[in-house]
Amino acid sequence: MELLRTTAEMTSWREERWREGQIVGFVPTMGYLHRGHLALVEEALRLANQVVVSIFVNPTQFSPGEDLEEYPRNLERDLELCRELGVHAVFAPDTAEMYPEGFQTRVEVERLTQNLCGLHRADFFSGVALVVTKLFCAVRPHLAVFGEKDFQQLVVVKRLSRDLNLGVEIVAHPTVRESDGLAMSSRNTYLSDEERRSALSLSRSLLAARKLVAEGERKVDVLVARATEMIETEPHTRIQYVQVVDEETMIDLAEVTPRAVMAMAVFVGEARLIDNMRLWPD
Ligand code: AMP
């Protein structure tokens with residue numbers, strides 16, 4: 001496995017792979033890898049014969065006051081995990097390499113970023129769109145695997161790849177959960193034992209909403225009220241949003257449709273956790 005620290009190194013690695021006619025798969029991450037990330041890597045290894053993982057905590061997607069400094073990092077451990085899985089290259093640039101002096105270009109995806117996380121994290125999606133564009137240009141993968149856990153991000157990246165003719169096929173991977181239902185996240189390390197118990201209310205409330213839909217409930221108000229109540233009764237929780245949107249447009253729904261997704265962001269202690277689920281019965 002090669003560790004590439006600069007865009008120049010990344011570019012020459014992928015040019016060689018393209019010359020050899022290899023299929024390059026890509027998994028962008030902010031590191032501190034968990035089983036969710038590793039499932040994405042395994043999917044990429046199934047679909048491509050050369051796999052690149054990037055590890056970069058991207059400052060442009062954090063707003064002032066968010067957890068950029070505290071975000072957990074452990075490059076040595078991440079490299080070991082990638083090596084064990086059979087990853088071919090890790091691209092781990094530093095901030096100066098990605099955003100050198102004088103950098104001033106922005107990438108905006110307009111409508112899809114107006115709702116949900118975009119309403120609450122002012123810089124988030126422009127930061128994500130910028131870094132994903134830069135990473136795609138450096139890696140030039142045939143395909144990239146993203147998690148449904150960050151479901152709005154996945155839809156934004158699909159749009160971006162299409163709109164800018166980046167030519168990268170975006171593959172979605174289902175959310176990987178702990179056995180008790182908690183969606184895996186690098187930010188789960190912020191949780192105390194008691195907070196972790198409260199955090200289970202996210203997945204439990206999503207399952208409860210799904211169950212109500214399976215029993216015939218179609219009114220979004222009712223589903224949101226039920227989920228909100230289940231989360232708010234737990235200690236240390238503060239809801240940022242609980243919404244039901246169309247999975248393609250991100251527009252709020254009043255009635256559940258086959259494309260309805262319930263999405264939520266909840267602070268549990270200091271940790272801002274997100275989760276989502278399709279509501280329509282399989
Ligand atoms: P992050 O390091 O949090 O930026 O995530 C990198 C990639 O891993 C994104 O595509 C996420 O959607 C994906 N991811 C993170 N957590 C999970 C999870 N629990 N299940 C599936 N994918 C995940």
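Refer to the preceding data block for the structure.
Our subject in this report is the structure included herewith. Please read all numbers here as calculations on a predicted model, not as lab measurements.

## Describing the sheet that holds strand 9 (residues 271-278)
Then, in step 1: Here we have 3 strands laid out as an open sheet, ordered 7-8-9, and antiparallel in their pairing. The sheet is open, and its two edges are formed by strand 7 (237-246) and strand 9, each paired on a single side. Strand-to-strand twist in this sheet, taken as the mean axis angle between neighbours without regard to direction, amounts to 15 degrees.
Then, in step 2: Pairing between strand 7 and strand 8 (residues 260-268): 9 bridges, direction antiparallel. Counted as the bridge partner of Arg 238 is Phe 267 from strand 8.
Then, in step 3: Sheet strands touched by helix 8 (residues 193-214): strand 7, strand 8 and strand 9. Its angle to strand 9, the strand with the most contacts, is close to 20 degrees.

## A look at the pattern of salt bridges
Then, in step 1: On inspection of all chains with the given rule, the structure shows 19 salt bridges.
Then, in step 2: Salt-bridge contacts for Arg 14 lead to Glu 15; the nearest nitrogen and oxygen are separated by 3.6 Å.
Then, in step 3: For Glu 15, a relative accessible area of 40% corresponds to the partly exposed category.
Then, in step 4: Of the charged contacts in the structure, one is a salt bridge between Arg 226 and Glu 229, with a shortest N-O distance of 3.6 Å. Remark: Glu 229 and Arg 226 occur in helix 9 (residues 220-232); sequence separation between them is 3 residues, near one turn of the helix.
Then, in step 5: Here the residues in one salt-bridge network are Glu 2, Glu 16 and Arg 17, joined through shared partners.

## So, the site of the ligand
Then, in step 1: Residues in close proximity to the ligand total 17 residues, the closest being Met 30, His 37, Asp 150, Val 176 and Met 184.
Then, in step 2: Met 30 has a polar backbone atom sitting 2.9 Å from an oxygen atom of the ligand.
Then, in step 3: One of the backbone N or O atoms of Gly 147 is found 3.0 Å from an oxygen atom in the ligand.
Then, in step 4: Coverage of the ligand by the protein amounts to 93% of the 480 Å² it exposes when considered alone.
Then, in step 5: Counting atoms within 2 Å of the grid points, the majority share of the ligand lands in the largest cavity.
Then, in step 6: Among the secondary structure elements, those contributing two or more residues to the shell around the ligand are strand 2 (24-29), helix 2 (35-47) and strand 5 (143-147).
Then, in step 7: Considering each element in turn, the shell around the ligand owes the most residues, 3 residues, to helix 2.
Then, in step 8: The class makeup of the residues in the shell around the ligand is 8 nonpolar, 7 polar and 2 charged.

## Quick look at empty space enclosed by the protein
Then, in step 1: Inspection of the entire model under this criterion finds 2 cavities of 30 Å³ or more.
Then, in step 2: Empty space within the largest cavity amounts to approximately 790 Å³.
Then, in step 3: Considering the residues around the largest cavity, the lining is formed by 46 residues, among which His 37, Tyr 71, Lys 149, Asp 150 and Gln 153 are closest to the centre.
Then, in step 4: The element that contributes the greatest number of residues to the lining of the largest cavity is helix 6 (residues 124-139), accounting for 5 residues.
Then, in step 5: Partitioning the lining of the largest cavity into residue classes produces 23 nonpolar, 16 polar and 7 charged.
Then, in step 6: Taken as a whole, the second largest cavity spans an internal volume of roughly 100 Å³.
Then, in step 7: Lining the second largest cavity are 15 residues; nearest its centre among them are Cys 117, Phe 151, Gln 152, Tyr 241 and Ile 274.
Then, in step 8: Counting only elements with at least two residues in the lining of the second largest cavity, the list comes to helix 6, helix 7 (151-163), strand 8 and strand 9.

## Some words on the side chain of Ser 186
Then, in step 1: Position of Ser 186 relative to the elements: it lies in the loop between strand 6 (169-173) and helix 8.
Then, in step 2: Take Ser 186: its relative accessible area is 4%, and that puts it in the buried class.
Then, in step 3: Looking at Ser 186, its side chain comes within polar contact range of the main-chain oxygen of Gly 31, at 3.5 Å.
Then, in step 4: In this structure Ser 186 touches Gly 31, Tyr 32, His 34, His 37, Tyr 71 and Pro 72, once residues within four positions along its chain are discounted.

## Thoughts on the sheet that holds strand 6
Sheet strands line up and pair through hydrogen bonds in the backbone, either parallel or antiparallel.
Then, in step 1: Read across the sheet, 6 strands follow the order 1-4-3-2-5-6 without closing on themselves; strand pairing throughout is parallel. The sheet is open, and its two borders are formed by strand 1 (2-4) and strand 6, each paired with just one other strand. Each strand of the sheet is rotated relative to its neighbour by a mean of 25 degrees, with strand direction disregarded.
Then, in step 2: With 5 bridges connecting them, strand 5 and strand 6 associate as parallel partners. Paired with Val 145 across the strands is Val 171, a residue of strand 6.

Parameters at a glance
Residues numbered from 1 in each chain as written. Predicted model: local features only at pLDDT ≥ 70, side-chain atom pairs only at ≥ 80, totals over all residues. Heavy atoms only, no water. Pairing = 2+ DSSP bridges. Helix = DSSP H or I, 4+ residues; strand = E, 2+ residues; numbered from the N terminus. Axes fitted to C-alpha atoms, helices over the stretch in contact; angles between N-to-C directions. Contact = heavy atoms within 4.5 Å. Salt bridge = Lys/Arg side-chain N within 4 Å of Asp/Glu carboxyl O. Buried < 20%, exposed > 50% of the residue type's maximum accessible area, 1.4 Å probe, protein only. Near = heavy atom within 4 Å. Polar contact = N/O pair within 3.5 Å; in protein donor to acceptor, adjacent residues only side chain to side chain. Areas by Shrake-Rupley, 256 points an atom, 1.4 Å probe, with all protein chains shown as cover. 1 Å grid on protein atoms, 1.4 Å probe; cavity = no way out; pocket = protein on both sides within 12 Å on 5 of 7 lines; lining within 4 Å. Sits in = over half its atoms within 2 Å of the grid points. Nonpolar A, V, L, I, M, F, W, Y, C, P; charged D, E, K, R; others polar. Points joined across faces, edges and corners; volume = space filled by probe spheres on them.

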